[in-house]
Amino acid sequence: MSGTTHTYSMDELVSLCKRRGFIYPASEIYGGINGFWDYGPLGTALKNNLRDRWWRDMVKRPPLGPDGNEISIVGLDSSIIQNPRVWEASGHVGGFNDPMVDCRETKSRYRADHLACLGIKGNASGQIYAFVSGDDESLASARKKLEKYIKRSLDDAELDTCALTDLSADELAVTVGPDTKNAGTLTEPRMFNLMFESYAGAIKSEDSKVYLRPETAQGIFLNFGNVVDTMRVKVPFGIAQIGKAFRNEVTPRNFIFRSREFEQMEIEWFCHEDEAEHWFEFWCDVRSKWWQSIGLTGDNILMRKHDDDELAHYAREGCGTFDIEYRFPFTHPGFGELEGVAHRGNYDLTRHQEFSKKKLSYFDQPKNERYIPHVIEPSAGLSRGTLALLCEAYTPDPDRASKVYMAFHPSIAPIQAAVFPLVGKDGMPEIAATLWAELRERWDVVTDVKQSIGKRYARMDEAGCPFCFTIDGDTASDQAVTVRHRDTQAQERIALDKVSAFMAARVG
RNA sequence: GCGGGCGUAGCUCAAUGGUAGAGCGUCAGCCUUCCAAGCUGAAUGUUGAGGGUUCGAGUCCCUUCGCCCGCUCCA
């Protein structure tokens, strides 16, 4: 499937995920719950392999920097629930606790209760002009547009104002936004509170309200000072974290692609402002190659820089944002985001310094300079990565018994090898048990003596197990086994005592 | 959030308003020397859930939950 267009529907993949224990709907026996999914045994193994690979390659054995030496990255595991003021500083509360109105044309967003409307008394059919209440300039602009529309000047007594939230849908359709000349560009007021709320403690009140984190990044910024003080790190360095995040998405959709509970793998790379661009390029390159190293190599993966008009609030200046995207069956022929590498400037640390009144600057001894570091953030979706691996692996093959196999890269396959006695007698199960015990010390290996060999191979195809080692009647005498390759169904014979070496060479 | 479609066994699907089934899978036994083989048998359903119409509802109506598609949205 690698490098080709997907030729299957998402339904088929979802069906296999259920059938073979990769992913189940959450709370299924109660009818499910929108936006939540459970990982079955094989899905958990796959996700854990992806997670562990990331942690190994980014934290335990980080990449080599431009100077040829390993860069410095430390791990962190911060709490899902933090002091609510964290989310005020980060900008997540504010835009999200109040009904908001978007302008489709200018992409501006306004608090609905901050907008008022200007019209002519007794004239319901004309256009209505929105302005920011309390802002004289905005009001003057609205009045000017209104006068231009009716082609005459107006007395104050003719004017009628009301709150935007009092408008009907029909009225909103003829309303001109504060920063535009065309009517009907404003959306209806909507709650954008994408954060899940809960209450810490027994008393359920405003004072005890807390939020589940909508991103893991803030936990890293909160601990920047602690890490600098305790870990003898020097800028540039990174802090990495893997964990769950929660967003109360309006429309969860596309299997686990947009769910309300998901996992992220994030690095916040702290560096001097002057070196930010250089490190941005470095991380774009490192992260692109990493996804390729786990099997996402073909036309289905895309690396691209964001257009300026789609940048997040924290990334409008600087190097911009680089996306690593995957062509999922449901986005085809388009792409969906797997990871974003963003230059966040020093927005977050600066904001937390302001809000917390705690110094979050860094003193650079060699430069003899105190500054708030800039941040390059490679933020990857673990759930989305798992989905991309599933999509990439799914390979229909009408010529084989299972009709489909999962072509996982051997290093991240949930089952990396199977050991089968050809039949359950003549000493074959005993040899299989010995080989299985040897291999499972290092790899994820299963063994199975039941039913026909074909049926067992077929099961392994759907589970995505790359290698099956079969003990037959000759093994006892020639000390050799048959290796059956998942992708080609080809077989070869290798020495029993070379199986571990075979696995080490291909799986790692 | 809006509009449309769908929901029957683990999966894929049947069943004029009239006794809920098949294939595959799963499991057990026998057999079996390289690709879901063969034989025998078994388990599994409040037909997503809850109401209503009817002598009788998987089927018709209402509500709700979930999934898919198209808009909208995705800081």
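Relevant structure appears above.
Summarised in this report is the structure supplied together with it. Every chain is numbered on its own, with residues counted from 1 as its sequence reads. Lettering for chains starts from A, numbering for ligands starts from 1, and both go in the order in which the items are written. Residues qualify for local features only when their pLDDT is at least 70, as the model is predicted, and side-chain atom pairs are given and counted only at 80 or more; totals for whole chains, interfaces and linings, by contrast, use all residues. Only heavy atoms go into the side-chain values, all of them from the structure, while hydrogens and water stay out.

The subject of this paragraph is the overall build of chain A. Working definition: helices are DSSP H or I runs of at least four residues, strands are E runs of at least two. Numbering for both runs from the N terminus. Across its full length, chain A holds 14 helices and 27 strands. Overall, the C-alpha framework of chain A stretches about 105 × 60 × 50 Å when taken along its three principal axes. Partly exposed describes any residue whose relative accessible area lies between the buried limit of under 20% and the exposed limit of over 50%, with all areas from a 1.4 Å probe on protein chains only and scaled to the type maximum. Out of the 508 residues belonging to chain A, those deemed buried represent 50%. Throughout, a residue-residue contact means that at least one pair of heavy atoms, one from each residue, lies within 4.5 Å. Considering only contacts within chain A whose residues lie at least 6 apart along the sequence, 65% involve residues at least 24 apart. Counting every atom, chain A has about 24300 Å² of accessible surface; 48% of that belongs to carbon and sulfur. Counting rule applied: Lys, Arg positive; Asp, Glu negative; His and chain ends not counted. A single reference atom marks each charge: NZ on Lys, CZ on Arg, CG on Asp, CD on Glu. Positive and negative charge centroids in chain A, built from 61 and 75 side chains respectively, lie 3 Å apart. We get accessible surface area from the Shrake-Rupley algorithm with a probe of 1.4 Å; when it comes to residues, only the shown protein chains can shield them.

Looking now at the protein's contact with RNA strand B. What surrounds RNA strand B is a group of 49 residues, the closest being Lys18, His92, Arg258, Arg459 and Thr482. When atoms of RNA strand B within 4 Å of the protein are split into backbone and base, the sugar-phosphate part holds 48%. In the environment of RNA strand B, a base nitrogen lies 3.2 Å from a nitrogen or oxygen atom belonging to the side chain of Arg253. In this structure, a phosphate oxygen belonging to RNA strand B sits 3.3 Å away from a main-chain N or O atom of Phe255. If you list the elements that add at least two residues to the surface near RNA strand B, you get helix H1 (10–19), helix H12 (453–463) and strand S26 (480–485). Here the nonpolar group is Ala, Val, Leu, Ile, Met, Phe, Trp, Tyr, Cys and Pro; Asp, Glu, Lys and Arg are the charged ones; every other residue, Gly included, is treated as polar. Across the surface near RNA strand B, the residue classes break down as 13 nonpolar, 19 polar and 17 charged. When at least one non-hydrogen atom of a residue lies within 4 Å of a molecule or strand, that residue is treated as near it. For this analysis, a polar contact is any N or O atom pair within 3.5 Å, provided that within protein one partner can donate a hydrogen and the other can accept it, and provided that sequence-adjacent residues contribute only side-chain to side-chain pairs.

Attention now goes to the pairing of S26. Across the 6 residues of S26, 6 count as buried, placing the element largely inside the fold. Alternating positions in S26 separate into two faces, Ala480, Thr482 and Arg484 on one and Val481, Val483 and His485 on the other, with burial throughout. Sheet analysis places strand S25 (residues 467–471) next to S26, joined by 4 bridges and oriented antiparallel. From the neighbouring strand, Cys468 faces S26, where its bridge partner is Arg484. As judged from the 5 bridges shared by S26 and strand S27 (residues 491–495), these two strands associate in the antiparallel manner. Each bridged residue has a counterpart across the sheet, and for Arg484 the counterpart in S27 is Gln491. We call two strands paired when DSSP finds no fewer than two bridges between them.

Here the focus is the packing of aromatic side chains. Stacked, tilted and edge-to-face are the three classes applied to pairs of Phe, Tyr and Trp rings, where Trp contributes its six-membered ring and a pair requires centres within 6.5 Å; stacked means planes under 30 degrees apart, edge-to-face means over 60, and tilted covers the rest. Under the counting rule described, the total for this entry stands at 24 aromatic pairs. Taking 5.7 Å as the distance between ring centres and 85 degrees as the angle between the ring planes, the aromatic pair formed by Phe469 and Phe502 counts as edge-to-face. You can see Phe469 sitting in strand S25 and its partner Phe502 sitting in helix H14 (residues 499–506), a full 33 residues away along the chain. For Phe469, a relative accessible area of 0% corresponds to the buried category. A relative accessible area of 6% means that Phe502 is categorised as buried. Through a chain of ring-to-ring contacts, the aromatic side chains of Phe221, Phe224, Phe237 and Phe270 assemble into a single cluster.

The next point concerns the sheet that holds strand S8 (residues 159–163). Ordered by their spatial adjacency, 4 strands build an open sheet running S8-S6-S7-S9, and the pairing between neighbours is mixed. On the outer flanks of this sheet lie S8 and strand S9 (175–176), each paired with one strand and no other. Judged from the 2 bridges that link them, strand S7 (residues 128–132) and S9 form a sheet pairing that is parallel. When the bridges of S9 are listed, Ile128 appears paired with Thr175. Sheet strands in contact with helix H4 (residues 136–150) are strand S6 (115–120), S7, S8 and S9, and its direction is about 165 degrees off that of S7. In this description, a line fitted to the C-alpha atoms serves as the axis of each element, helices being fitted only across the stretch in contact, and the angle between N-to-C directions of two axes falls anywhere from 0 to 180 degrees.

A few words on the side chain of Arg287. Positionally, Arg287 belongs in helix H8 (residues 276–293). Exposure remark for Arg287: the relative accessible area of 0% places this residue in the buried category. Here Glu339 takes part through its side chain, which lies 2.8 Å from a polar atom of the side chain of Arg287. Apart from residues lying up to four places away in sequence, Arg287 is in contact with Trp54, Met58, Ile324, Glu339, Val341, Pro378 and Ala380.

Looking now at the nonpolar core. If you look at soluble globular proteins, the nonpolar side chains tend to sit buried side by side. Of all hydrophobic cores here, the largest spans 66 residues; its most connected members are Leu13, Trp283, Trp291, Ile376, Leu387, Leu390 and Phe408. What Trp291 contacts, discounting residues up to four positions off in sequence, is Leu50, Leu296, Ile301, Ile324, Leu338, Glu339, Ala380, Gly381 and Gly385. Grouping buried Ala, Val, Leu, Ile, Met, Phe, Trp, Tyr and Cys residues that are joined through side-chain atoms within 4.5 Å yields what is termed a nonpolar core.

Structurally, Glu261 is set in strand S14 (residues 261–271). Every residue in contact with Glu261, bar those within four places of it in the chain, is listed here: Gly35, Phe36, Lys244, Ala245 and Phe246. Here Lys244 takes part through its side chain, which lies 2.8 Å from a polar atom of the side chain of Glu261.

On to unusual backbone geometry, then. The residue after Val235, namely Pro236, is reached through a cis peptide bond having omega 5 degrees. Within the secondary structure, Pro236 sits in the loop between helix H7 (224–231) and strand S13 (237–246). You will see that Ser27, though not glycine, has its phi angle at about 55 degrees, which is positive. Residue position: Ser27 is located in the loop between strand S1 (23–25) and strand S2 (37–39). One non-glycine residue, Phe255, lies in the positive phi region at around 55 degrees. Tracing the sequence through the fold places Phe255 in the loop between S13 and S14.

Any Lys or Arg side-chain nitrogen found within 4 Å of a carboxyl oxygen on Asp or Glu counts as a salt bridge. Summed over all chains, the structure comprises 29 salt bridges. The closest approach of N and O atoms between Glu261 and Lys244, which form a salt bridge, is 2.8 Å. Of this pair, Glu261 sits in strand S14 while Lys244 is found in strand S13, placing the two residues 17 residues apart along the sequence. Exposure remark for Glu261: the relative accessible area of 29% places this residue in the partly exposed category.

Read these as spatial facts, not as claims about activity.
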